[in-house]
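# Summary of the model geometry
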Amino acid sequence: MSGPARGPGAARGARRGVVALLALLTCCARCAGDKPSNVILILADDQDVQLGGMTPMKKTKALIGDAGAVFVNAFTVTPLCCPSRSSVLTGRYPHNHQVRNNSVSGGCSSAPWQTGPEASAFPVYLSKQKYQTFFAGKYLNQYGKKEAGGVGHVPPGWDQWHALVGNSLYYNYTLSVNGVEEKHGDRYESDYLTDLITNRSLHFLEDRSPQHPFFLMLSPPAPHSPWTPAPKYQKQFGDVKAPRDGSFDKPGKDKHWLLRQPVNPMPDSSLSFLDSAYRKRWQTLLSLDDLVESLVHKLESIKELNNTYIFYTSDNGYHTGQFSLPIDKRQLYEFDIRVPLMVRGPGITAKQTLQAPVLNIDLAPTILDISGINLSSVDVDGQSFLSQMAPSLRNGTARPFFLVEYNGEGHPTTDPACPKLGPGLSQCFPDCVCEDAFNNTYACVRTLDARHDLQYCEFADAESFVEVYNLTSDPHQLENIVKRVDPAVLQTMNQRLIKLQSCRGDSCRDNE
C-alpha cells in the first residue's frame, strides 16, 4: 500500500486547501448565499449610557440588544461631536485625523478634512465593494456651511445623501440632498427630522437593488439639544428627574480647576433646568426607538434581516449635574466617554453581554471586516471587534488599554456676563459655570482588563495637572488618587500615554 504523497505538489495542494478554508471562513463572516452581508449603523447624538440614557429605548434593547450583543465597556476616544464622528468615519484617533473640535478652524468639515481623512473614510471602501450606500441625518457640525464648502459638497462613497446642514435640529433646518439644498419648516408630518430619516431610509431599502449589499448610516438628532420631542411624546416621563446618585452635585475637589469652579451645591434653578433637559432628552429618544422598530420590520418584510448587521451607538456620552456641572459632554469622566453599543447580525449569538473594551475607532474596521476588506490595506488605528461578538467567525484579542484625548475650546475674550472669569472659557451658563476652556485639554490612558480598571490623565495646562482614578474601588471617580499611587504605576501609565499620543495604525494596537 502506498503512503501519502510527500512531494512539493502535495505541499502546494495543502497550502491551497488552507487558503480555500480561510476564504470560506471569511465568506461565512460576510456572506449569506452569494452576497456580502448588509450593514446599518445608527449613531445617536449625545446619548449617555451611564445615567440611564438607554432606559427609554425598550424596542431598541429588545430588537438589537436582546437579539445580539451588548458591549458594556464601549467608549468614545474623544467626548465631543465632530471629533468623535470623524473618528467613527475614519477609524482613527483625533491626533491622526486632525479634527480637534466643532469649529471649521478646529478641523470640523474643513478643507484639509475633505481632501485628507474624508477621502479615505470607510464608506469609500464600501462603495468600491459594490455596496449601495445611504446617509441621512447629522454628519459633522460644520457640514454644509459656506466656509465648509456649502451643500454642494457630497463626501465620496455615498450613493444617497440626505445630510443636515450644521448641528442637530428637529425642525426648521436645511438638508443637502445629493448636493442640492432642501429647506424644512416646522410641520411635524413632513419635517420632524428623526421621522424624516426613518421614512427616507425605508424608501431606500424598498428601492434598493437586491443584487448588491447595502450600507445605511442613520444619524438622528436625538437626544441632542434643543430636545424637541414629537407631539405624541411631549407628555411622557412627566415625573422623571435626573439621577441624584454617584457624582451628582458632588464638589470637584482634587480635580482640574474647571471642575472646581461650579457652585456647590447647585442652585434650585440649575436643578430645575437639568431635570427638564433630562426629561426632554428621553422624550426625543422615543422617536428614535420607533425608527429602530420600523427599520427592523422593513428588513423582515424584504427578507434581509438575517443577512444584516445592525449597530446602535452614540458619538459621546453626557452629564446632567455630575460634579455640579449642569449639562454637556467634553469631560474625561465615565459619564462623558462611555457610550451605548449593541449589535445584531449573522453569527452573533443572541443575549450576549460582552466585557471587552471597544472604541468608536473600532466601528470602521469592524464594518470593513464584515464587508470582506483586507484590513491590512486600510489606514486605521482601531481594530475589528467581529471576533468579540462572533468568535465562530474570527479570532482576535481585546485591548487592555487605550487613549482618550480632547482639545479644549475657549473664547479669546472675557464673557461680558462673567467678567471675573477672564478669557479662555466657553460653554458658560448664566450663573457663570463654564463647561470648557482652552486648557481643558487632556489625554488619558484608560486601562481595563481582568486585573485593572484605572484611568490616568494629563492636562496641557500651566499646572501640568494629573488625575488618576481606581474605578474598581471608586466607580464614580470621586477621589483623585495621584498622590497615593505607587510611583512605578504612574511611570508605566505615563509611558503608555506618551506612546499612544503619537501612535498611528499598528502602533495604536500594540498592547505591550
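Residues numbered from 1 in each chain as written. Predicted model: local features only at pLDDT ≥ 70, side-chain atom pairs only at ≥ 80, totals over all residues. Heavy atoms only, no water.

In this section: the overall build of the protein chain. Helix and strand content of the protein chain: 14 helices and 22 strands. Rg of the C-alpha trace for the protein chain: 23 Å, near the compact-globule value of 24 Å for 512 residues, within the 12% margin. Each principal axis of the C-alpha distribution contributes one length, and for the protein chain these read about 95 × 60 × 45 Å. Considering the protein chain as a whole, with its 512 residues, one finds that 59% of them fall into the buried category. For the protein chain, the proportion of contacts with a sequence separation of at least 24, taken over those separated by at least 6, is 72%. Counting 50 positive and 53 negative side-chain charges, the protein chain places the averaged centre of each group 6 Å from the other. (Helix = DSSP H or I, 4+ residues; strand = E, 2+ residues; numbered from the N terminus. Rg over C-alpha atoms; globule rule 2.2 N^0.38 Å. Buried < 20%, exposed > 50% of the residue type's maximum accessible area, 1.4 Å probe, protein only. Contact = heavy atoms within 4.5 Å. Lys, Arg positive; Asp, Glu negative; His and termini not counted. Charge placed at Lys NZ, Arg CZ, Asp CG, Glu CD.)

Right, let's get into the pairing of strand β10 (residues 214-219). Counting buried positions along β10 gives 6 out of 6 residues, so the element sits mostly inside the fold. Of the strand pairs in this sheet, strand β3 (residues 38-44) and β10 are connected by 4 bridges, and their pairing is parallel. Counterpart to Ile42 in the pairing with β10 is Leu218. Of the strand pairs in this sheet, strand β6 (residues 132-138) and β10 are connected by 6 bridges, and their pairing is parallel. Opposite Ala136, over in β10, you have Leu218 as the bridge partner. (Pairing = 2+ DSSP bridges.)

We now examine unusual backbone geometry. Residue Pro223 is reached from Ala222 by a cis peptide bond, and omega for that bond is -5°. Inspection of the secondary structure puts Pro223 in the loop between β10 and α9 (257-260). Residue Pro226 is reached from Ser225 by a cis peptide bond, and omega for that bond is 15°. Here Pro226 is to be found in the loop between β10 and α9. Located in the positive-phi region is Asp254, a residue other than glycine, with phi close to 60°. Mapped onto the secondary structure, Asp254 falls in the loop between β10 and α9. The backbone of Lys351 sits at a positive phi, close to 60°, despite the residue not being glycine. Tracing the sequence through the fold places Lys351 in the loop between β14 (341-344) and β15 (352-354).

All right, on to the state of the cysteines then. Within the structure shown, the criterion is met by 5 disulfides. Bridging Cys82 to Cys108, the disulfide has an S-S length of 2.1 Å. Sign of the S-S torsion, about 95° for the bond between Cys82 and Cys108, identifies this disulfide as right-handed. In this pair, Cys82 is assigned in helix α3 (residues 81-90) and Cys108 in the loop between α4 (94-97) and α5 (111-115), connecting sequence segments 26 residues apart. (Disulfide = S-S within 2.5 Å.)

Looking now at the sheet that holds strand β20 (residues 442-448). Spatially, the 4 strands line up as an open sheet ordered β17-β20-β21-β22, and their pairing is antiparallel. Of all the strands in the sheet, just β17 (401-406) and β22 (466-470) have a single pairing partner and so form its edges. Strand-to-strand twist across the sheet, computed as the mean angle between neighbouring axes with direction ignored, equals 15°. The sheet contact formed by β17 and β20 spans 6 bridges and is antiparallel. Bridge pairing links Glu405 to Ala443 in β20. Contacts from helix α14 (residues 487-501) reach β17, β20, β21 (453-459) and β22 within the one sheet, and its direction differs from that of β20 by about 115°. (Axes fitted to C-alpha atoms, helices over the stretch in contact; angles between N-to-C directions.)

The next thing to look at is the side chain of Glu334. Among the structural elements, Glu334 can be located in helix α11 (residues 334-337). Separated by 2.5 Å, the side chains of Glu334 and Arg338 make a polar contact. (Polar contact = N/O pair within 3.5 Å; in protein donor to acceptor, adjacent residues only side chain to side chain.)

Take the sheet that holds β6 next. The strands making up a sheet are joined through hydrogen bonds of the backbone, oriented either antiparallel or parallel. Pairing is mixed in the open sheet, where 10 strands are placed in the order β9-β8-β7-β6-β10-β3-β11-β14-β4-β15. Every interior strand has two partners, whereas the edge strands, β9 (180-183) and β15, have only one. Each neighbouring strand pair of the sheet contributes to a mean axis angle of 15°, computed without reference to strand direction. Two strands pair when backbone bridges link them, and strand β7 (residues 160-164) and strand β8 (residues 174-177) are joined in this way by 3 bridges, in the antiparallel orientation. Bridge pairing in β8 places Ala163 opposite Ser176. Helix-sheet contacts for helix α12 (residues 363-371) involve β3, β10, β11 (308-314) and β14, and the interaxial angle to β11 is about 175°.

Further remarks concern the pattern of salt bridges. Enumeration according to the criterion identifies 26 salt bridges in this entry. When the shortest N-O distance is used, the salt bridge between Glu304 and Lys35 registers 2.9 Å. With Glu304 in the loop between α10 (268-301) and β11 and Lys35 in strand β2 (residues 35-36), the pair connects residues that are 269 residues apart, well separated along the chain. By relative accessible area, Glu304 is classed as buried at 6%. One salt bridge in this structure joins Arg85 and Asp315, with 2.9 Å as the shortest N-O distance. Residue Arg85 is located in helix α3, and its partner Asp315 is located in the loop between β11 and β12 (319-320); the two are separated by 230 residues in the primary sequence. Exposure remark for Asp315: the relative accessible area of 0% places this residue in the buried category. Beyond isolated ion pairs, a larger network of salt bridges with shared partners links Asp45, Arg85, Lys138 and Asp315. (Salt bridge = Lys/Arg side-chain N within 4 Å of Asp/Glu carboxyl O.)

A few words on the pairing of β14. Going residue by residue along β14, you find Leu341 and Val343 tucked away on one face and Met342 and Arg344 tucked away on the opposite face as well. Here β11 runs beside β14; their pairing, made up of 4 bridges, is antiparallel. Bridging from a neighbouring strand, Ile310 pairs with Arg344 of β14.

Turning next to α14. With 15 residues, α14 ought to run about 21 Å at 1.5 Å a step, and its terminal C-alpha atoms sit 21 Å apart, in line with that. Where α14 is concerned, the buried positions are Leu490, Met493, Asn494, Leu497 and Leu500. Burial along α14 is one-sided: seen end-on, the buried residues are contained in an arc of 130°. With a side-chain oxygen lying 2.9 Å from the backbone nitrogen of Ala488, the N-terminal cap of α14 falls on Asp486. (Expected span 1.5 Å × (residues − 1). Arc of directions from axis to C-beta.)

Now for α12. With 9 of 9 residues buried, α12 lies mostly within the body of the structure. Looking at α12, one finds that the buried residues are Leu363, Ala364, Pro365, Thr366, Ile367, Leu368, Asp369, Ile370 and Ser371. Looking one or two residues past α12, Gly372 carries a phi angle of roughly 100°, positive in sign.

Purely spatial values, then, with no claim about function.
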